[in-house]
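# Topology and contacts: notes
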Amino acid sequence: MREEDIRPEALARRYYELSAQDADRCFPAGQERLAIPCVGCGSEDAGPALEKNGFAYSRCGDCGTLYQSPRPSIGAFEAFYRDSESSNYWSDVFFPAVAEVRREKIFRPRVERLAAICEAQGQPVESIVDVGAGFGIFLDEWRKRYPAARCIAVEPSAHLAAECRAKGFEVVEEIAENVVGYDGVADLVACFEVLEHVYQPLDFLRTLTSLARPGGFVFVSTLGVDGFDIQTLWEKSNAIFPPHHINFLSVAGFERLFARAGLADVAVTTPGQLDVDIVRNAAAKDPTILDGQRFLSELLADDGRAAAFQRFLADNRLSSHCWVIGRRPENWGN
Ligand SMILES: [Zn+2]
């Protein structure tokens, strides 16, 4: 898989432009912002890390998590998501253009990998909740593998919720925190590429946990700060783009966050495939990125070694694409 397959440059450039405009329009300078504790471990020990589009990011001195802080109010973010040209562009133009490529290259392998994890744990999945289900492609692929499974889509966008309904899924048209009547319903709660956007990750994760049955799994995929492309590109990383992406936990931060939410048997892996391609693409556009990096430049110039290096990153929890899974204990919430 290549970055260009799932994130064509022309579409991505437009998306980032609109996001920068939304940042100016919805979050004017002078608006009140508050320093917040680490979204991973809760520590107050943090220092400034970088700035982008007028948003500052802090780095936790304890677990290394990178997070947007001082943070505007939750009301400002809610207004942004209600009326945001960049979000509309994502769901109306960008995603539909790459949906079928992503189905094949991302969603199907995702189902295979997640199913294998559950099966290895001896956990049959008779009911699954997808939080932030989008166009319902993940559930569509899950249902192909498990036709009898109860599939529930939690999706706040009216347009996307309608897409999920059209595919025949049970749909809850709400943000996860407002879902009622689904406590303990799922053998597996899955949430892909949402946590990086969430205002209060701990509350959000507790909500996901409440949807799982006692003994059931909570699964999250998201971006992590320990990843090669983010560490290498830092403020030049396109993955770090406010106001959309505001949380980049470290591996230690994920472990602490899941433990704080009361989850057990937490496991973090980074099965990413694109870190090396992302850095190569960025360096092709801006060669100064690898200035003085003689070893890395040589390594990345060779296709075979670059591919082997990507496998090394994934195997050593050094990719920025992270998978975190935990189990709801029997006595959770008591
Ligand atoms: Zn921390």
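Anything mentioned here points back to the structure above.
Treat the numbers as computed from the prediction; the structure is a model and nothing was measured.

Broken down by element type, the protein carries 12 helices and 13 strands. Relative to the 2.2 N^0.38 estimate, which gives 20 Å for 334 residues, the radius of gyration of the protein is 19 Å and therefore close to what a compact globule would have. Each principal axis of the C-alpha atoms in the protein carries an extent, and together these give about 55 × 50 × 40 Å. Once local pairs closer than 6 in sequence are excluded, the contacts in the protein between residues at least 24 apart make up 74%. Carbon and sulfur atoms form 50% of the exposed surface of the protein, whose accessible area is close to 14,700 Å². In the protein, the 35 positive side-chain charges and the 49 negative ones have mean positions that sit 3 Å from each other.

Moving on: the coordination of the zinc ion. Octahedral metal centres with six donors ideally show angles of 90 or 180 degrees, and tetrahedral centres with four donors ideally show 109.5 degrees. Protein-derived coordination of the zinc ion comes from Cys-38 (SG), Cys-41 (SG), Cys-60 (SG) and Cys-63 (SG), at a distance range of 2.3 Å. Classification of the site at the zinc ion rests on its 4 donor atoms, whose angles at the metal span 102 to 116°, yielding the label tetrahedral. The sequence motif formed by the donor residues of the zinc ion is C-x2-C-x18-C-x2-C. You'll find Cys-60 and Cys-63 in the same group, each marked buried.

Bringing the environment of Leu-290 into the picture now. Mapped onto the fold, Leu-290 is located in the loop between helix 10 (275–285) and helix 11 (294–301). Taking the C-alpha atoms as reference, Leu-290 lies 31 Å from Asp-22; in sequence the two are 268 residues apart. Contacts of Leu-290, omitting those with residues within four sequence positions, involve Ala-283, Leu-296, Ser-297 and Leu-300.

To continue, consider helix 12 (residues 303–315). Side chains of residues three or four places apart in an α-helix project in the same direction, reflecting 3.6 residues per turn. Along its 13 residues, helix 12 runs 18 Å from first to last C-alpha, staying within 8% of the 18 Å computed at 1.5 Å per residue. Those residues of helix 12 not exposed but buried are Ala-306, Phe-309, Gln-310, Leu-313 and Ala-314. End-on, the buried residues of helix 12 take up no more than an arc of 140°, which puts them together on one face. Opposite its buried face, helix 12 presents the exposed residues Arg-305, Arg-311 and Asp-315, each directed more than 90 degrees away.

Turning our eyes to something else, we now look at the pattern of salt bridges. A full pass over the atoms with the stated rule returns 23 salt bridges. Between Glu-3 and Arg-7 there is a salt bridge; the shortest N-O distance is 2.9 Å. A salt bridge links Arg-110 to Glu-193; the nearest nitrogen and oxygen atoms lie 2.8 Å apart. Remark: Glu-193 occurs in the loop between strand 9 (186–192) and helix 7 (201–211) and Arg-110 occurs in helix 4 (residues 85–120); sequence separation between them is 83 residues. With relative accessibility at 9%, the residue Arg-110 sits in the buried group. Residue Glu-193 is classed as partly exposed on the basis of its relative accessible area, which comes to 27%. Put simply, Glu-100, Arg-103, Arg-108, Asp-140, Glu-141, Arg-143 and Lys-144 are held in one network by salt bridges that share partners.

Structurally, Arg-328 can be placed in the segment after strand 13 (321–327). Once you skip the residues sitting within four places of it in the chain, Arg-328 turns out to touch Gly-184, Thr-209, Ser-210, Ala-212, Arg-213, Pro-214, Gly-215, Gly-216 and Leu-263.

Below, the discussion takes up the packing of aromatic side chains. According to the stated counting rule, one finds 22 aromatic pairs in the structure shown. The interplanar angle of 45° and the centroid separation of 4.8 Å between the aromatic rings of Trp-90 and Phe-94 together place this pair among those described as tilted. With a gap of 4 residues between them, Trp-90 and Phe-94 both fall in helix 4, about one helical turn apart. Members of the aromatic cluster, connected to one another through ring pairs, are Tyr-15, Tyr-16, Trp-90, Phe-94, Phe-95, Phe-107, Phe-135 and Phe-241. Its guanidinium or amino end placed over the ring of Phe-55, Arg-33 lies 4.7 Å from that ring's centre, counting from NZ or CZ.

As a further point, take the state of the cysteines. This structure, assessed with the given rule, holds 0 disulfides. Sulfur of Cys-151: no disulfide; nearest cysteine sulfur belongs to Cys-164 and is 11 Å away.

Counting buried residues in strand 6 (residues 127–131) gives 5 out of 5 residues, a clear majority hidden from the surface. Here strand 6 shows a buried face lined by Ser-127, Val-129 and Val-131 and a second buried face lined by Ile-128 and Asp-130. Judged from the 5 bridges that link them, strand 6 and strand 7 (residues 150–154) form a sheet pairing that is parallel. Pairing of Ser-127 across the sheet is with Arg-150, part of strand 7.

To summarise the sheet geometry, strands pair through backbone hydrogen bonds and adopt either a parallel or an antiparallel arrangement. Spatial ordering of the open sheet is given by 8-7-6-9-10-13-12, a layout of 7 strands whose pairing is mixed. Every other strand in the sheet has two partners, leaving strand 8 (170–172) and strand 12 (264–269) as the edge strands with one partner each. Taken over all neighbouring pairs, the strand axes of this sheet differ in orientation by 15° on average, direction set aside. Two strands pair when backbone bridges link them, and strand 9 and strand 10 (residues 212–223) are joined in this way by 6 bridges, in the parallel orientation.

With that settled, consider helix 11. What helix 11 keeps buried is the set Leu-296, Leu-299 and Leu-300. End-on view of helix 11: buried residues confined to an arc of 90°, all on one side of the axis. Exposed and oriented more than 90 degrees from the buried face of helix 11 are Arg-294, Glu-298 and Ala-301. In this fold, the buried residues of helix 11 make contact with helix 8 (228–233), helix 10 and helix 12.

The rules behind these values
- Residues numbered from 1 in each chain as written.
- Predicted model: local features only at pLDDT ≥ 70, side-chain atom pairs only at ≥ 80, totals over all residues.
- Heavy atoms only, no water.
- Helix = DSSP H or I, 4+ residues; strand = E, 2+ residues; numbered from the N terminus.
- Rg over C-alpha atoms; globule rule 2.2 N^0.38 Å.
- Contact = heavy atoms within 4.5 Å.
- Areas by Shrake-Rupley, 256 points an atom, 1.4 Å probe, with all protein chains shown as cover.
- Lys, Arg positive; Asp, Glu negative; His and termini not counted.
- Charge placed at Lys NZ, Arg CZ, Asp CG, Glu CD.
- Donors = N, O, S within 2.8 Å, 3.2 Å for Na, K, Ca; no water.
- Tetrahedral: all angles 85-135°; square planar, octahedral: opposite > 155°, others 65-115°.
- Buried < 20%, exposed > 50% of the residue type's maximum accessible area, 1.4 Å probe, protein only.
- Expected span 1.5 Å × (residues − 1).
- Arc of directions from axis to C-beta.
- Salt bridge = Lys/Arg side-chain N within 4 Å of Asp/Glu carboxyl O.
- Phe/Tyr/Trp six-rings, centres within 6.5 Å; stacked < 30°, edge-to-face > 60°.
- Lys NZ or Arg CZ within 6 Å of the ring centre and 35° of its normal.
- Disulfide = S-S within 2.5 Å.
- Pairing = 2+ DSSP bridges.
- Axes fitted to C-alpha atoms, helices over the stretch in contact; angles between N-to-C directions.

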